[in-house]
Amino acid sequence: MAELSSLSPSRANDFRQCPLKFRFRSIDRLPEPPSLAAFKGTLVHSVLERLFTLPAEERTEPAADQLLMPAWAELIEKDPTVLELFAHDAEKETFFTSARALLQSYFALEFPEHLEPAQTEKYVSTTLDNGLELRGFIDRVDVAPGGEKRLVDYKTGKQPKPQYGQEAKFQMGFYALVEYRLSGDLVHTLQLMYLGSRSVLKLHPTPADLERTEFEIAAIWKDIIAAAETDRWRPRKSPLCSWCSFKPLCPAWGNTAPATPEITRIVGT
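We now turn to the structure provided with this report. (Residues numbered from 1 in each chain as written. Predicted model: local features only at pLDDT ≥ 70, side-chain atom pairs only at ≥ 80, totals over all residues. Heavy atoms only, no water.)

### Some points on the packing of helix H6 (residues 166-183) against helix H7 (residues 207-230)
- Across the interface, H6 lies against H7 with an axial gap of 9 Å and an inter-helix angle of 105°. On the basis of their axis angle, the class for H6 and H7 is roughly perpendicular. For the pair H6 and H7, contact is made by Phe170, Gly173, Phe174, Ala176, Leu177, Tyr180 and Arg181 and by Leu210, Thr213, Glu214, Glu216, Ile217 and Ile220, respectively. (Axes fitted to C-alpha atoms, helices over the stretch in contact; angles between N-to-C directions. Helix = DSSP H or I, 4+ residues; strand = E, 2+ residues; numbered from the N terminus. Parallel < 35°, antiparallel > 145°, perpendicular 65-115°, else oblique. Contact = heavy atoms within 4.5 Å.)

### Side note on unusual backbone geometry
- In the Ramachandran plot, Arg29 falls in the positive-phi region, its phi being about 55° despite a non-glycine side chain.
- Tracing the backbone through its elements, the reader meets Arg29 in the loop between helix H2 (19-28) and helix H3 (36-51).
- Of note, Asp231 is a non-glycine position whose phi angle comes to about 55°, a positive value.
- Within the secondary structure layout, Asp231 lies in the loop between H7 and strand E8 (263-266).

### Concerning the side chain of Lys40
- Checked against the element boundaries, Lys40 lands in helix H3.
- Despite its burial, Lys40 pairs with no opposite charge; the closest candidate is Glu91, at 12 Å N-O.
- Ignoring sequence-local partners within four residues, the contact set of Lys40 consists of Phe95, Ser98, Ala99 and Leu102. (Buried < 20%, exposed > 50% of the residue type's maximum accessible area, 1.4 Å probe, protein only. Lys, Arg positive; Asp, Glu negative; His and termini not counted. Salt bridge = Lys/Arg side-chain N within 4 Å of Asp/Glu carboxyl O.)

### Things to note about the pattern of salt bridges
- Throughout the structure, instances matching the rule amount to 19 salt bridges.
- A salt bridge links Arg265 to Glu3, with the shortest nitrogen-to-oxygen separation between them at 3.3 Å. One end of the pair, Arg265, is in strand E8; the other, Glu3, is in strand E1 (residues 2-4), and 262 residues separate them in sequence.
- Looking at Arg265, the relative accessible area reads 42%, which means it is partly exposed.
- Relative accessible area serves as the criterion here: at 38%, Glu3 is assigned to the partly exposed category.
- A salt bridge links Asp28 to Arg23, with the shortest nitrogen-to-oxygen separation between them at 2.7 Å. Each member of the pair Asp28 and Arg23 is classed as buried.
- Taken together, the shared-partner salt bridges connect Arg11, Asp14, Arg25 and Glu32 into one network.

### A look at the packing of aromatic side chains
- Taken as a whole and assessed by the stated rule, the structure comprises 15 aromatic pairs.
- Ring plane angle 80° and centroid distance 5.3 Å describe the contact between Tyr106 and Phe107, whose orientation is recorded as edge-to-face. There is no split in this pair, since Tyr106 and Phe107 are both buried.
- Of the aromatic side chains, those joined through ring pairs into one cluster are Phe39, Trp72, Phe86, Phe95 and Phe96.
- A cation sits over an aromatic face here: Arg16 above Phe170, 4.4 Å from the ring centre. (Phe/Tyr/Trp six-rings, centres within 6.5 Å; stacked < 30°, edge-to-face > 60°. Lys NZ or Arg CZ within 6 Å of the ring centre and 35° of its normal.)

### Some points on the layout of surface pockets
- Taken as a whole, the second largest pocket holds about 270 Å³ of empty space.
- In this structure, the second largest pocket is lined by Arg16, Gln166, Lys169, Phe170, Gly173, Leu190, Leu203, Pro205, Asp209, Arg212, Thr213 and Glu216.
- Those elements giving two or more residues to the lining of the second largest pocket turn out to be H6 and H7. (1 Å grid on protein atoms, 1.4 Å probe; cavity = no way out; pocket = protein on both sides within 12 Å on 5 of 7 lines; lining within 4 Å. Points joined across faces, edges and corners; volume = space filled by probe spheres on them.)

### Some remarks on the nonpolar core
- In terms of nonpolar packing, the biggest core is built from 41 residues, with Leu7, Leu134, Ile224 and Trp233 touching the most fellow members.
- Mapped by element, the contributors of at least two residues to this core are E1, helix H1 (9-17), H2, strand E4 (133-143), H6, strand E6 (189-194) and H7.
- Excluding residues that lie within four positions of it along the chain, Ile224 makes contacts with Leu4, Leu7, Phe15, Phe22 and Trp233.
- Phe52, Leu67, Leu103 and Val152 belong to the second largest nonpolar core, which has 28 residues in total. (Core = buried A, V, L, I, M, F, W, Y, C linked by side-chain atoms within 4.5 Å.)

### What about the environment of Arg100?
- Within the secondary structure, Arg100 sits in helix H5 (residues 89-109).
- Placed 39 residues apart in sequence, Arg100 and Glu61 show a C-alpha to C-alpha distance of 9.4 Å.
- Beyond its immediate sequence surroundings of up to four residues, Arg100 is in contact with Asp65 and Leu68.
- Within the structure, the side chain of Arg100 is placed 2.5 Å from the side chain of Asp65, a separation counted as a polar contact. (Polar contact = N/O pair within 3.5 Å; in protein donor to acceptor, adjacent residues only side chain to side chain.)

### Details of the side chain of Gln17
- Here Gln17 is to be found in helix H1.
- The class for Gln17 is buried, based on a relative accessible area of 17%.
- Separated by 2.8 Å, the side chains of Gln17 and Lys21 make a polar contact.
- In this structure Gln17 touches Glu167, Arg236 and Leu240, once residues within four positions along its chain are discounted.

Set out below in structure tokens:
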């Protein structure tokens, strides 16, 4: 049994990308095999979070390198199956080389010794009038001496072309909306740091942007409710299907999806 009562940016993007993928993740909650790219992203995020626990003068590239293996050990302890991604030690060394390169990219983009984040890995949650909970984690929140807020998100991939970057922009707009509802503050800057391409994208949301994001979330949720009430979770073919672990269950590829679990509660109906 499942219920539909909350939405995160990633799950909203799942539905926009493919309603059936959303169903498999949010309702069926089917297990997915570990992904090397996702694990690398988690590892780098963990190191950067730990970096800001150090005194400012100690936030150096060598210090980040020293934090890599303890973060690795902690993540492996939580999920030992990740080790199955590495057939031999050479693959593991390649992985660490790539992770270190991403950390080096971070230091090419910022001087962490000059920053004092208000929070890292901040969990945020707010409930809309219809009962829908918006939730998620913000990588970093910076507050300037004048009170201006900056929300920062680390991306371990390369900055996509504008036509393919809407998911990340929606994610940051989502967080700006939640932050506004929680504190009443209009975020000054939304900063996406693409470590894979050593590039930074900055957005400055306006009240109109927040209204647009809230309207978009409401439209997505309306479509989710309609899919749940009719049990019609249409698969959507795209180049991303090649990386989807649910492809063997997808009717769009000639396969058979399992029956949808019972949904006991849907907010907003």
